[in-house]
Amino acid sequence: MSYGSAGNALPLNNFRTTKTRYSGIFAWIFSTDHKRIGILYLISILSFTSVAIVIGLLMRLELIAPGETIVKPETYNALFTLHGVIMIFLFVVPGLQAIFGNFFLPILIGARDVAFPRLNLLSWWCYMIGAFMAVLALFTGGGAPDTGWTFYVPYSVRTSTNVSLAVLGVFVLGFSSILTGLNFVTTVHRMRAPGMSWFRIPLFVWASYSTSWIQILATPVLAITVLLVAFERLFAIGIFDPASGGDPLMYQHLFWIYSHPAVYIMILPAMGVVSEILPTFARKPIFGYKAIAFSSLAIAFFGYLVWGHHMFTSGMSDTARWIFSLLTFLVAIPSAIKVFNWVATLYKGAIQMSPALLFTMAFIFLFSIGGLTGLIQGALATSIHTHDTYFVVGHFHYIIFGGTGFAFIAALLYWFPKMYGRLYRMKPMYIGWGLMFVGFNALYFPMLILGWMGMPRRYYDYIPEFHFWHVVSTIGSWILVSGIILIAVEFFRARKHGEIAGDNPWGGVTLEWHVPSPPPHENFDVIPQVTWDTYDFEHGLPEKTAEGASHP
Amino acid sequence: MTTPVSSFTETFDIIFLALVIFAVVTLLLITAIMIYFVVRYNRKRHPRAEPIHGNTTLEIIWTVIPLLIVTGMFYYGYEGFRYLREVPEDAFTINVVGRMWDWTFEYENGRKSDKLYVPVDRNVKLSMTSLDVNHSFFIPAFRVKEDVVPGRTTYLWFKPQTVGPADVFCAEYCGQRHAYMLSEVVVMEKDAFDSWYGGEADSSPAAAVETAAAPVEETTGFTEEQRERARKVLWDNGCFSCHTTDGSENLGPSLKGLFQKDRYVLVDGQERVITADEAYLRRAIVDPDAEYVKGYDGVIMPPADDLSPSELTLIIDYIQSLK
Ligand SMILES: [Cu+2]
């Protein structure tokens, strides 16, 4: 079966070739086109991410044996801080939302751009400036921060490393997130094409919309909190540091009031992507559209109320602990509902295997492990032991990497032909998947075991009993990374030399498949009149491909 | 010797195992069904998809059943937790002080130690606080953990059921030597504990300190008694967090063989060579910043202002004896 369709050249008039006021790189970094901004985010985010991946590898290498292997403890502490800060604040928080949200959200609802294109560009600049400040913090002042990405007070106030600049960087990054959220909420409310009713918008848009609300409402809490940390360091204002009359637990509350919902900022768009990919490759409507849409909203809402489960051993009151435990169990329900609906979507489909679908299936598997290990940590009796151990490290990598990370690659595999107009070869992607899947589990499953055995997190060194599983884990990291490299290289090749993809290589029905690949500037010549439900494969297929190569 | 267990170890293991079994079964079910669908409804075998939009009954079933299951999980988790938080009245209380990067245990009779000695089959309550940053007191073998926070007192309790030593870890990141903020809980038979607690000669706190720092040292011209007193002063003032007496590097230079050695120091930014005589040692302890030994960039040694003159002399003598 051939994926490529009509023609052997990209459309002449696409968003990359459009003439603008500026030329060269300025035509990109000053562009207000949501698609160009999406690509800007893609490039900048992936650059930072590759640094964080290398740091992750170094950390694993250090841990391959007890004692000093390649770095000193202070370097190791700076490495895990950097790995966390980059991965969280520069990759997974903006991640899918800023890249695919920017590129596809307007197209998916039949709009020409987001509601505030210039604000959108400002968001990217905030991202770059914040990132630059965080990077600058490594080389100035007392050197690279060594607090962990959580910046817990009093240590973050005591350490001589350059925490102040780093947290100010996070402050600026927060604005990027808030502005993107604001923009997307307005866009979804105001810019839907005629006929695109609330229950016709694709589920990625629902997820992105829910995420936007969290960005708007939760990020300011983080902004204030990190600002107070900077003030505490500079002026000893005595908010968090007990040495000057503050309360370290208050810091933890404020920090997690943002950072727990932030987990949903990271995972919701990934869930949205999964909900797009499954119907296309199963060629049937998503199972339980409303259940999935409402569960996104439920997650966004309940996600606010469970921050305390990061503090089960913090010294917080016992009453607060059991209430947070109960709420944590409740927030598991909407996620479970989604998983059941995704699997049910495959029932009686006409399923075509593809790398994007395979990554989506891996997402469901790995995310389930993440969710189920989450239950063990939600239960108080077991959480007391696993808290702050490698069990937690394993758990959140299953959620964030196995979930968001795998969905990120799935999204790229799914939408790459639309963004670049070209197709990659399937074989390297399948092999890359295999390496990643095996490597991932070899890397992170041992962490669950280590945590159960009692290995605390953020340990530079460990007792000999833990050695074996650390070796397995480090070997896993090499396998995983070889898969990532293989996939990255193939994408890199395909973006210039891949086969021409055509408008609709997968036979999808949502609006992005109704426009050329890559889409023209402003997406639609005529704003479409939407007369069919999303994922309606009987009426929704674009005319051109209705009888096209990929249609059975 | 096998790792001892507490009265909570088994409860934890049962709840943990139950949750793991549930997780594995659920995971395998979901995965098996997913793979079956993908194979069974492959486009070659099943070219026409059926446009099913959903099923309300199913939605209700798979909302309500998980809801019941997680409520049950919450309940058992809560029950186990309640046991952990309700300290029996007769518990033997020990104060725990955490600081970067060691633990001190203070007993009711004034005895101090760097290892947690406890009698078997007795309820023990730890009343904990920190002198600097957040730490977390974690005994994996007993399945208990609680953060140790400056400015407040937190607690945990356990009842050890078998004798033996078990690891104690700091589980909350606390800076450079977080991974070395280790100790041991030593569960002893009642008699052995009583004689330790009553202060038999060979188990004085200083002796306990010694095992922690595990010194490999040769001392000359110094009595055993003086040596123990000196080490206790060093211990009480936190010097061992940064210095060793066995020649190995820590955050600061080792104190072994220091006396009469040439030291490269920075004085107001200027490099100098000074022989480490008695006066130098005195200055190095009381005003460490004035002559800063090269090669320890970034680590600031706190000036030891709490030392009495006699204590100061004692440790200087001790350092001189470390050949
Ligand atoms: Cu500690």
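Procedures and definitions
- Residues numbered from 1 in each chain as written.
- Chains lettered and ligands numbered in written order.
- Predicted model: local features only at pLDDT ≥ 70, side-chain atom pairs only at ≥ 80, totals over all residues.
- Heavy atoms only, no water.
- Donors = N, O, S within 2.8 Å, 3.2 Å for Na, K, Ca; no water.
- Tetrahedral: all angles 85-135°; square planar, octahedral: opposite > 155°, others 65-115°.
- Helix = DSSP H or I, 4+ residues; strand = E, 2+ residues; numbered from the N terminus.
- Buried < 20%, exposed > 50% of the residue type's maximum accessible area, 1.4 Å probe, protein only.
- Salt bridge = Lys/Arg side-chain N within 4 Å of Asp/Glu carboxyl O.

1. As for the coordination of the copper ion
All names here are of chain B.
Phase 1: Those protein atoms acting as donors to the copper ion are His135 (ND1), Cys170 (SG), Cys174 (SG) and Met181 (SD), and they sit at 2.0 to 2.5 Å.
Phase 2: Angles of 89 to 125° at the metal separate the four donor atoms of the copper ion, which places the site in the tetrahedral class.
Phase 3: Between the donor residues of the copper ion, the gaps in sequence give the motif H-x34-C-x3-C-x6-M. Of this pair, histidine 135 sits in strand S6 (residues 135–139) while cysteine 174 is found in the loop between strand S9 (164–170) and strand S10 (183–188), placing the two residues 39 residues apart along the sequence.
Phase 4: According to the relative accessible area criterion, cysteine 174 is buried, its value standing at 0%.

2. Some thoughts on unusual backbone geometry
Phase 1: That bond from Ser517(A) to Pro518(A) is cis: its omega, -10°, falls within 30 degrees of zero.
Phase 2: In this fold, Pro518(A) is placed in the loop between strand S2 (499–500) and helix H17 (543–546).
Phase 3: Cis rather than trans, the peptide bond between Met100(B) and Trp101(B) has omega equal to 0°.
Phase 4: Phi at Ala236(A) takes a positive value of approximately 45°, unusual for a residue other than glycine.
Phase 5: A relative accessible area of 48% means that Ala236(A) is categorised as partly exposed.
Phase 6: One non-glycine residue, Arg143(B), lies in positive phi territory at about 60°.
Phase 7: Here Arg143(B) lies in the loop between S6 and strand S7 (144–148).

3. Here we look at the pattern of salt bridges
Residues and elements named next belong to chain B.
Phase 1: Per the counting criterion, the structure on display carries 19 salt bridges over all chains.
Phase 2: For lysine 232, the salt bridge is made with aspartate 236, and the minimal N-O distance between the two is 2.7 Å. One end of the pair is lysine 232 and the other is aspartate 236, both in helix H5 (residues 224–236) and four residues apart, which spans about a single turn.

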